[in-house]
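Structural features, examined
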Amino acid sequence: MKSISQLTDFYYNDLYPTLQGLENERKALKKRINTITLIYLLAVGIIFWFVYQHTELDTFFAFLPLPLIIYFKLYRYLTKDYYVDFKNKIIAPLIDAIDSNLHYSPTSHISIENFKDSKLFLEYPDRCRGNDYVKGKIDGVNIEFSDIYAEKKRRSLKGEEIWETIFQGLFIISEFPKEFHAQTLVLPDRAQKLFGNLVGGWLQKNNVSRNNLVKMDHPEFEKEFVVYSTDQIEARYILTPALMQKLLNYKRKTKHPLYISFIGGKVYIAIEHNKDMFETSIFHSLLEYKIAKEYIETLHLCVGIVQELKLNQKLWSKV
């Protein structure tokens, strides 16, 4: 697998002619959208004034969200082709440069069934949306990942249908080099951070919605994570001191809340964030190093999990 520096060289050398073409397209699109936005705001202002002068106040306030909805739909329509070009001409070649065994589908995502199989979250989603799905093998290890947005349908006090976010971020599934029978979850340790060791520890131990609490002999790891498992012995067998340190290092590298589960010979990793990691913007140049670095580091973070956690080393034989 190529290093971040090699991928950066590929981005600016091999992809430069394509980048330059997309950059010209971006500038023209930005200018066009700015012009359309100005005209749209003037038109909406005139309409607002007319509606305000000739309707009741309740009608006026009910009218307020409509122009915003129309504008967002118009913006998405105008930028759609540019976003598609960016993913096909930049993200797809980057993924192929990492490893030709990886296959990229910009409009697909991890299935809702696979998300549920992870058992990382107490509630199952009613729907999952997402994009930028990658599947293939790294060093002979099966891996798949995508952006995902999992939601639960609820009813408000007024009986209205609302959607509550369960998880938004990157979701990674990889083979683990040992087939095990227990279900082991490694979750962010929010209780002890909020309430301290005494109260937080009591809350963790008495969390009836999770399996048995497993205390690990790794103080730094314990500060960041809480471990639950159906089998205390197997949890410690999986979470060796070396693996705990690797997970700790990986968490620090992601700089986001990290959820991990070991179930059915697989490791599921959810990296929580509130934005689509592989989307571009017409307001930022594709030639900026900061922008390029973010795309490359995110891809490397997902694919690098195999080498980061040594998943390609058969430390145990499959049972």
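Residue numbers restart at each chain and count upward from 1, following the sequence in its written direction. The model is predicted, so local features are restricted to residues of pLDDT at least 70 and side-chain atom pairs to those at 80 or more, both for listing and for counting; the totals for chains, interfaces and linings are taken over all residues. Hydrogens and water molecules were not included; the side-chain quantities draw on all heavy atoms of the structure.

Notes on the packing of aromatic side chains
A pair of aromatic rings is counted whenever rings of Phe, Tyr or Trp (Trp by its six-membered ring) have centres within 6.5 Å, and the orientation is called stacked for planes under 30 degrees apart, edge-to-face for over 60 and tilted otherwise. This model, assessed by the stated rule, comprises 16 aromatic pairs. Taking the centre distance of 5.5 Å and the plane angle of 5° together, the rings of phenylalanine 115 and phenylalanine 121 count as stacked. Of the aromatic side chains, those joined through ring pairs into one cluster are Phe115, Phe121, Phe167, Phe171, Tyr259 and Tyr268.

Considering the packing of helix H2 (residues 16–54) against helix H4 (residues 65–98)
To obtain an axis, a line is fitted to C-alpha atoms, over the contacting stretch when the element is a helix, and the angle between two such axes runs from 0 to 180 degrees between their N-to-C directions. A run of DSSP states H or I qualifies as a helix once it reaches four residues; a run of E qualifies as a strand once it reaches two. Both are numbered from the N-terminal end. It is the contact of H2 with H4, at a shortest axis distance of 11 Å, that shows an interaxial angle of 175°. What the angle tells us is that H2 and H4 run roughly antiparallel. For this classification, Asp, Glu, Lys and Arg are treated as charged, while Ala, Val, Leu, Ile, Met, Phe, Trp, Tyr, Cys and Pro are nonpolar and the rest, including Gly, are polar. Residue composition of the contact of H2 with H4, by class: 17 nonpolar, 3 polar and 6 charged. Should an angle lie under 35 degrees it is considered roughly parallel, over 145 roughly antiparallel, and from 65 to 115 roughly perpendicular; all remaining angles are considered oblique.

So, the pattern of salt bridges
A side-chain nitrogen of Lys or Arg and a carboxyl oxygen of Asp or Glu constitute a salt bridge if their distance falls within 4 Å. Throughout the structure, instances matching the rule amount to 12 salt bridges. Ionic pairing is found between glutamate 279 and lysine 87, a salt bridge with its closest N-O pair at 2.5 Å. Taken together, the positions of glutamate 279 in the loop between strand E9 (266–272) and helix H10 (289–303) and lysine 87 in helix H4 put the pair 192 residues apart, joining distant regions of the chain. With a relative accessible area of 26%, glutamate 279 lands in the partly exposed category. With its nearest N and O atoms 2.7 Å apart, the salt bridge here joins glutamate 151 to arginine 127. Pair noted here: glutamate 151 is in strand E3 (residues 141–155) and arginine 127 is in strand E2 (residues 127–138), with a separation of 24 residues, a long-range link. Burial classes follow relative accessibility: with a 1.4 Å probe on protein chains only, a residue under 20% of its type's maximum area counts as buried, one over 50% as exposed, and anything between as partly exposed. Overall, the relative accessible area of 4% leaves glutamate 151 in the buried class. A single network of salt bridges, built from pairs that share partners, joins Lys87, Asp132 and Glu279.

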